[in-house]
Amino acid sequence: MGDREDPNAADTRRLNTTKQSIEDAYAAPANFLEIDIANPETHGIAKKRYTDYEVRMKTNLPVFKLKESSVRRRYSDFEWLRSELERDSKIVVPPLPGKAFKRQLPFRGDDGIFEDEFIEERRQGLEAFLNRIAGHPLAQNERCLHMFLQEQDIDKNYTPGKIRNT
């Protein structure tokens, strides 16, 4: 084979290798926004039962007032956020994980929407939904998203609008 290069081998040569300076190494990290949904809890009894989730956010984006926040939200809060964004923003809002009507039928042999497996599936779906929305530059300016992520209570009578960077 000799000195000929294998055309299928990955080229491991570095592109433009400049040494990182001390300033670069300690500079503020690139913009980030991390959202995860954790700690589902089911509350209440019988017809008044519901599950809520902890929505945790960390960011260094200047548009957000708090750099870290943690709030509890239930599925209906996610539905509220989705309908607000659909009405007020210019983005295509992704779907939420389904309503699971079949799981709410009476006389089931299991716990329906309160089964751990279902709650975990829904948690993953809500997390994916929220990360897609929050990662969208236009959605990041919507007051409803800020309220959803950072206020303990959602004021459903709020005035929709954009957040201004101050």
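Placed above this text is the structure.
Residues numbered from 1 in each chain as written. Predicted model: local features only at pLDDT ≥ 70, side-chain atom pairs only at ≥ 80, totals over all residues. Heavy atoms only, no water.

**Concerning the sheet that holds strand 3 (residues 68-74)**
So, point 1. If you walk across this open sheet you meet the 3 strands as 1-2-3, and the pairing is antiparallel. Bordering the open sheet on either side are strand 1 (33-43) and strand 3, each of which pairs with just one other strand. For this sheet the average axis-to-axis angle between neighbouring strands, irrespective of direction, equals 20°.
So, point 2. Relative to the sheet, helix 2 (residues 75-88) contacts strand 1, strand 2 (50-59) and strand 3, its axis offset from that of strand 3 by approximately 105°.
So, point 3. The sheet contacts of helix 3 (residues 116-134) involve strand 1 and strand 2, and relative to strand 1 the element is tilted by about 150°. (Pairing = 2+ DSSP bridges. Helix = DSSP H or I, 4+ residues; strand = E, 2+ residues; numbered from the N terminus. Axes fitted to C-alpha atoms, helices over the stretch in contact; angles between N-to-C directions. Contact = heavy atoms within 4.5 Å.)

**Examining helix 2**
So, point 1. Look at helix 2: 20 Å from first C-alpha to last across 14 residues, which is about the 20 Å you get at 1.5 Å a residue.
So, point 2. Tyr75, Asp77, Phe78, Trp80, Leu81, Arg82, Glu84 and Leu85 are the residues of helix 2 that are buried.
So, point 3. Summarising the contacts, the buried residues of helix 2 are in contact with strand 1, strand 2, strand 3, helix 3 and helix 4 (143-150). (Expected span 1.5 Å × (residues − 1). Buried < 20%, exposed > 50% of the residue type's maximum accessible area, 1.4 Å probe, protein only.)

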